[in-house]
Structures are given as C-alpha cells and as structure tokens.
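# Coordinate analysis (summary)
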Amino acid sequence: MMGRDPAAASAELDVMRTRMDRELRKMRAFIHELRPSLDDAGGLASALQDTVDRLGAETGVQVALDLRAPEDLLDLDSRTAVLRVAQEALRNVGKHAGAQHVIVATMHHPGSDGAPGAWILEVRDDGKGFSVDEVLERSARRHFGLRFMRERAQLVNGELEIISTEATGTTVRLRLVPGERSEQG
C-alpha cells in the first residue's frame, strides 16, 4: 500500500497506532489489577473502593459499596480471592450487563454452637442478565472470567454462585468460611 497510496497507508497506520495505544492502556490496567497486593492497596476495603471508583468513572454506572463483614476474619489468600472475584464481576458488569446500578456488599453470618459461619461477598447489578448455564457451557472456549472466578473460589475453599435473570440482573456470590485454610496457605 505504501507504493500505491502513501497517504492511505499513513492513515491506516494512524488508525492502527490509535488501536494499539488503546489496547496497551487496557492491558496495563488489567495487569495493574492483578499485580498490587492488598497491603499496597491499603487493605481489602480500600482496594474494593478503588475498583468501584474505576468502574463508575469508566462506565457511568452507579456503584454502591456496603462492606459490613470484617475483613480481618479472612486470611490474606481469601481476601485476595474476594478482591479478584469482585474485580472480575465488575469488569463483566461494565462489558456486558448494561446495568444502571451495582451493589458490592460483604456480610458476615456468625455460626451458632461453634459452627464457623459464613463470610459473603455479593456483586449485584440491575442489568440485562444472561443464561448462566449457556455461558458456562461455552466457558471452555471464550468466557475466561467466569472460569477465573470459580478457580479463585476453589483455591480458598469457597463457593461461587452466579444467579442471573433478565428481570433482576445478575448476582455473583462468593461464600467463604472464616478460619478455613485455603489450598494456597
């Protein structure tokens, strides 16, 4: 193309450069989300706040943070899993849900009679929802995010539940048992 139409070739290169710059920024943001430790971020609450702020700034979606569960009940591996699941769930909201509102909540349900109880993260949106079964069937080919969240949950002996309907949007729920040792630790 350079020999036939240098102006068109130059314009095409400019378009490609713009696309490459945009993709490089996305890749750097993704790497940044994977890299910083919770200690660097100031703890789980601060890291979740940063993630929520970023989604709101990038998409205009209104995100509420309701953190009621004490993060110190979880070991570092479990807190890291909570952060990564929340980040992926919010990334999916931004890319797919078409939501107007999102709530990121944590809650702790103490056990009774010596039972350990449950520490729960929920990311709920009012978006268009999707068929969880269909997406999970295709996840081996394309949907790395859902598989990534499930793997993170399994690494810390957690349970991940995804509930989604067109009428109510999507809820991603991660349930952990405080004090239970993760497979990593």
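Residues numbered from 1 in each chain as written. Predicted model: local features only at pLDDT ≥ 70, side-chain atom pairs only at ≥ 80, totals over all residues. Heavy atoms only, no water.

## Topic: the pattern of salt bridges
Evaluated as defined, the whole model comprises nine salt bridges. A salt bridge links E122 to R173, with the nearest nitrogen and oxygen atoms 2.5 Å apart. Of the two residues, E122 sits in strand β3 (residues 118-125) while R173 sits in strand β5 (residues 169-176), which places them 51 residues apart along the sequence. On the basis of relative accessibility, which here comes to 10%, the residue E122 falls in the buried class. The shortest N-O distance in the salt bridge between R175 and E159 comes to 3.9 Å. With R175 in strand β5 and E159 in strand β4 (residues 159-165), this residue pair connects regions lying 16 residues apart in the sequence. Under the relative-accessibility criterion, R175 is labelled partly exposed at 30%. Among the residues examined, E159 registers a relative accessible area of 48% and is labelled partly exposed. Salt bridges linked by common partners bring E122, R124, E161 and R173 together as one network. (Salt bridge = Lys/Arg side-chain N within 4 Å of Asp/Glu carboxyl O. Helix = DSSP H or I, 4+ residues; strand = E, 2+ residues; numbered from the N terminus. Buried < 20%, exposed > 50% of the residue type's maximum accessible area, 1.4 Å probe, protein only.)

## Description of the packing of helix α4 (residues 76-97) against helix α6 (residues 144-155)
Where α4 contacts α6, the axes come no closer than 9 Å and their chain directions differ by 165°. It follows from the interaxial angle that α4 and α6 lie roughly antiparallel. Our pair here, α4 against α6, has a crossing hand that is left-handed. Here α4 contributes T80, A81, R84, V85, E88, A89 and N92 to the contact with α6, which in turn contributes G145, L146, F148, M149 and R152. Residues that form the contact of α4 with α6 fall into these classes: six nonpolar, three polar and three charged. (Axes fitted to C-alpha atoms, helices over the stretch in contact; angles between N-to-C directions. Parallel < 35°, antiparallel > 145°, perpendicular 65-115°, else oblique. Left-handed = near helix turned anticlockwise from the far one by under 90°. Contact = heavy atoms within 4.5 Å. Nonpolar A, V, L, I, M, F, W, Y, C, P; charged D, E, K, R; others polar.)

## Quick look at the packing of helix α3 (residues 44-59) against α4
Where α3 meets α4, the axes come as close as 10 Å, and the angle between the chain directions of the two elements is 10°. Considering the angle they form, α3 stands roughly parallel to α4. Facing α3, whose interface residues are L44, A47, L48, T51, V52, L55 and T59, α4 presents R79, V82, L83, A86, Q87, L90, V93 and G94. Classifying every residue of the contact of α3 with α4 by side-chain character gives ten nonpolar, four polar and one charged.

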